[in-house]
Amino acid sequence: MVILKLPEEIEKARASNRIVAEVLSKLSEMVRPGVKTKELDKLAEEIAEKRGAKPAFKGYRGYPHALCISVNEVVVHGMPSERILEEGDILGLDFGIYYQGFFGDSAVTLPVGKISEKAARLISVTRESLYAGIEQAREGNRLGDISAAVQSAAEGAGYSVVRDFVGHGIGKNLHEDPQIPNFGQKGRGIELKKGMILAIEPMVNEGKYKVQVLPDGWTVVTKDGSLSAHFEHSVAITDNGPDILSMLS
Ligand code: CO
């Protein structure tokens, strides 16, 4: 069941998502070779606490950290550790919080120092595929319009989209209906309505789309070892079209 939100609820969700955006922006200033991924997790938790917000992922289905940190061939759900970032890595940061009754959720992929052109292109195509999806988040469109737009932006550039993980509705729960695959067909699926809040999150692989979960039960990697990038925004559908909630301004 898809839960529609009232305008005042969308404003609460915006307040929550803004804190997520603030955390991701502060973390991105810290990202450079030599930084331990655990340090980023600690900082994310500290900022959230200062804002009176609760990290949403910590304890979710037993996930032990505030932040998901996914380096290189890690697609999503990588765990903060003693790992030290190296020049040329690409770094996915995925963060969520719970604040005054509503969840916020957003992710970015960032370069560590100077990265290869190939890696930079993967990052920019993945970001563009997210924005292509967001552009379709309009009343009267169908869910498949979002999925198809993401897929064609990614595949059109020669990449593949992950099948096993999807975006989701978000609100008073971190994960609500509908599930939002990053592949699909235009004109198919449920009709989009004003008041929906959708966390759209393309995961794009340089190689094949297959992924596997490591024995830690969380870390998702590409099966072929190729690089992967991930971006996510929580977006409200309004009378004025898509409204990206997980932004600073
Ligand atoms: Co999400």
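Below, the structure is looked at part by part. Because the structure is predicted, anything quoted here is derived from the model rather than measured. (Residues numbered from 1 in each chain as written. Predicted model: local features only at pLDDT ≥ 70, side-chain atom pairs only at ≥ 80, totals over all residues. Heavy atoms only, no water.)

1. Observations regarding the layout of surface pockets
- Considering only enclosed or pocket space, the largest pocket measures out at about 550 Å³ in volume.
- Along the walls of the largest pocket sit 24 residues, with Tyr-60, His-77, Val-166, His-168 and His-175 positioned nearest its centre.
- When residues of the lining of the largest pocket are traced back to their parent elements, those giving at least two are strand 7 (167–169) and strand 8 (176–180).
- Per-element tally for the lining of the largest pocket: the top contributor is strand 8, with 4 residues.
- In terms of residue class, the lining of the largest pocket is built from 11 nonpolar, 6 polar and 7 charged.
- Estimated volume of the second largest pocket: approximately 230 Å³.
- Every residue lining the second largest pocket is counted, 15 residues in all, and those nearest its centre are Leu-24, Ser-106, Val-108, His-233 and Ser-246. (1 Å grid on protein atoms, 1.4 Å probe; cavity = no way out; pocket = protein on both sides within 12 Å on 5 of 7 lines; lining within 4 Å. Points joined across faces, edges and corners; volume = space filled by probe spheres on them. Helix = DSSP H or I, 4+ residues; strand = E, 2+ residues; numbered from the N terminus. Nonpolar A, V, L, I, M, F, W, Y, C, P; charged D, E, K, R; others polar.)

2. Observations regarding the packing of helix 1 (residues 7–30) against helix 2 (residues 37–50)
- Axis separation between helix 1 and helix 2 bottoms out at 10 Å; the angle between their running directions is 145°. The two elements helix 1 and helix 2 cross, and the hand of that crossing is right-handed. Between helix 1 and helix 2, the residues in contact are Glu-22, Val-23, Lys-26, Leu-27 and Met-30 and Leu-40, Leu-43, Ala-44, Ile-47 and Ala-48, respectively.
- Looking at the contact of helix 1 with helix 2 residue by residue, the class counts come to 8 nonpolar, no polar and 2 charged. (Axes fitted to C-alpha atoms, helices over the stretch in contact; angles between N-to-C directions. Left-handed = near helix turned anticlockwise from the far one by under 90°. Contact = heavy atoms within 4.5 Å.)

3. Comments concerning the side chain of Asn-205
- Positionally, Asn-205 belongs in strand 10 (residues 203–205).
- Of the polar contacts made by the side chain of Asn-205, one reaches the backbone oxygen of Lys-208; its length is 3.0 Å.
- Those residues in contact with Asn-205, other than ones at most four positions away along the chain, are Val-75, Leu-122, Tyr-159, Ser-160, Val-162, Lys-210, Val-211, Thr-222, Ser-226, Leu-227 and Ser-228. (Polar contact = N/O pair within 3.5 Å; in protein donor to acceptor, adjacent residues only side chain to side chain.)

4. A short note on the pairing of strand 9 (residues 197–200)
- Every second residue of strand 9 is oriented toward a common face, with Ile-197 and Ala-199 on one face and Leu-198 and Ile-200 on the other, all of them buried.
- Where strand 7 and strand 9 come together, 2 bridges link them in antiparallel fashion. Note on strand 9: the bridge partner recorded for His-168 is Ala-199.
- In terms of strand pairing, strand 9 meets strand 14 (residues 233–238) through 4 bridges, oriented antiparallel. Each residue of the ladder has a partner; that of Ile-200, found in strand 14, is His-233. (Buried < 20%, exposed > 50% of the residue type's maximum accessible area, 1.4 Å probe, protein only. Pairing = 2+ DSSP bridges.)

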